[in-house]
Amino acid sequence: MAHRRCLQSFVRHATALICLRKSPPLSTLEILTTKPNPVISPPKLESSWFTPWSQFRHFSSSKSDGSENEEEVEESSDGEAENDEAAADLGRDYSPEEKEAEAAAIGYKVAGPLQRSDRVFKDYEPVFAVVQIGSHQFKVSNGDSIFTERLKFCEVNDKLILNKVLWLGSPTQTIIGRPILPDAAVCAVVEEHALDAKVIIFKKKRRKNYRRTKGHRQELTKLRITDIQGIEKLEIKTDGKPLKAAAKKPEKVATTA
Amino acid sequence: MTRIKRRRRTKISLFASSFRGAHSRLTRTITQQRIRALVSAHRDRDRKKRDFRRLWITRINAVIRGMGVSYSYSRLINNLYKKQLLLNRKILAQIAISNKNCLYMISNEIIK
């Protein structure tokens, strides 16, 4: 009996992987219904394992359709051997690259390719943006560096585009999104993946002879913000007329405020 | 035999090396004060989140009451949720301090 259960679970896992690659949720429902009835416990586990994937599918389908189609074309040309290796490397659920795009959308970042000869770092511009990454919000401007929770699927020197922008501000304009600004984007570069300073978790109950010590280092990612897009930036490059420019700015603020 | 005791106690006294008076000099009090310090740190890491949220709320409240007679933090938050804005209190407090006018413009927009 145990031998038979092993075979059945292996077949189910294989079919599961194939269905996840093809990605319509209807196929997963069909497989669950065609399972033989006497084996009761494994289908329950599978239903709980499948439903999060169907949820992720619904969230990502509207945003990244174009990128998913492009990645599917590339995958079919590369072949299935690389997909299997990627599945073994990343471990659990992220076998094809479509899943990476989905999980990235949940954390509100889209990874661009690595760059070498691009001049990405500009001078300071007096523009700020409020960006949400995961559940943390940051007020950011050009050249800042942020520590966020460890972002999967990006390595050092990757360019990221942060989609979820809640607020843009400059000396003359402010733009607020309800809740998100759809056209705005903030570009960032991953500087390093680091561990936080060690925190000692110490629990003690007095007079009860109970004491526990544990150390913890949180995994962080350091991002450097390079560009903010979606708002007009004033570029004042005149060297001979600084006073007039300074006089103009407060006037504009008064009219718009 | 004393070298084992000494090794253990130097590790502990390194932790308490910046404490005041006898709390950094006498070994028995060093162990006690180290335990109290670690317990306080553990408890206050959770308290820190609560304390900062209180601070932000107080700051936002102070700035918002300068807008009109009967306008307050509670009404601002109600209006934010009605208009589906996702800004959290940390950001609102930072904006309230750095440029008040921005916050006033936003709250005027939201009232309508």
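None of these values were measured; they are calculated from a predicted model.

Visitor: Would you explain the nonpolar core in this entry?
Guide: The tendency in soluble globular proteins is for nonpolar side chains to be buried side by side. Core analysis: the biggest nonpolar cluster contains 23 residues, and Val130(A), Trp167(A), Ile60(B), Leu80(B) and Leu87(B) have the highest contact counts within it. Broken down by secondary-structure element, the contributors of at least two residues to this core are β2 (128-133) and β6 (165-169) of chain A together with α2 (27-64), α3 (73-82), α4 (89-98) and α5 (100-111) of chain B. Among the elements that take part in this core, α4(B) stands out by supplying five residues, more than any other. When sequence neighbours within four positions are dropped, the list of residues in contact with Ile60(B) reads Tyr73(B), Leu76(B), Arg89(B), Leu92(B) and Ala93(B). Ile133(A), Ile146(A), Cys154(A) and Ala184(A) belong to the second largest nonpolar core, which has 22 residues in total.

Visitor: Got a minute to help me understand the layout of surface pockets in this structure?
Guide: Size it by volume and the largest pocket reaches roughly 850 Å³. At the level of secondary structure, the elements contributing two or more residues to the lining of the largest pocket comprise β3 (136-141), β4 (145-149) and β9 (199-205) of chain A together with α2 of chain B. No other element matches α2(B), which puts seven residues into the lining of the largest pocket.

Visitor: What is the right way to look at the interface of chain B and chain A in this model?
Guide: The figure often quoted for interface size is the accessible area lost as the parts come together. With 21 residues of chain B at the interface, the matching set in chain A holds 23 residues. At the boundary of chain B with chain A, total buried surface from both sides reaches about 2000 Å², with 70% on carbon and sulfur atoms. At the junction of chain B with chain A, the criterion picks out one salt bridge. In this structure, the salt-bridge partner of Glu109(B) is Arg178(A), at a minimum N-O distance of 3.9 Å. Where chain B packs against chain A, one counts four residue pairs in polar contact (both at pLDDT 80 or more).

Scoring rules and cut-offs
- Residues numbered from 1 in each chain as written.
- Chains lettered and ligands numbered in written order.
- Predicted model: local features only at pLDDT ≥ 70, side-chain atom pairs only at ≥ 80, totals over all residues.
- Heavy atoms only, no water.
- Core = buried A, V, L, I, M, F, W, Y, C linked by side-chain atoms within 4.5 Å.
- Buried < 20%, exposed > 50% of the residue type's maximum accessible area, 1.4 Å probe, protein only.
- Helix = DSSP H or I, 4+ residues; strand = E, 2+ residues; numbered from the N terminus.
- Contact = heavy atoms within 4.5 Å.
- 1 Å grid on protein atoms, 1.4 Å probe; cavity = no way out; pocket = protein on both sides within 12 Å on 5 of 7 lines; lining within 4 Å.
- Points joined across faces, edges and corners; volume = space filled by probe spheres on them.
- Buried area = accessible area lost by both parts, 1.4 Å probe.
- Salt bridge = Lys/Arg side-chain N within 4 Å of Asp/Glu carboxyl O.
- Polar contact = N/O pair within 3.5 Å; in protein donor to acceptor, adjacent residues only side chain to side chain.

Treat this as a map of the structure, not an account of what it does.
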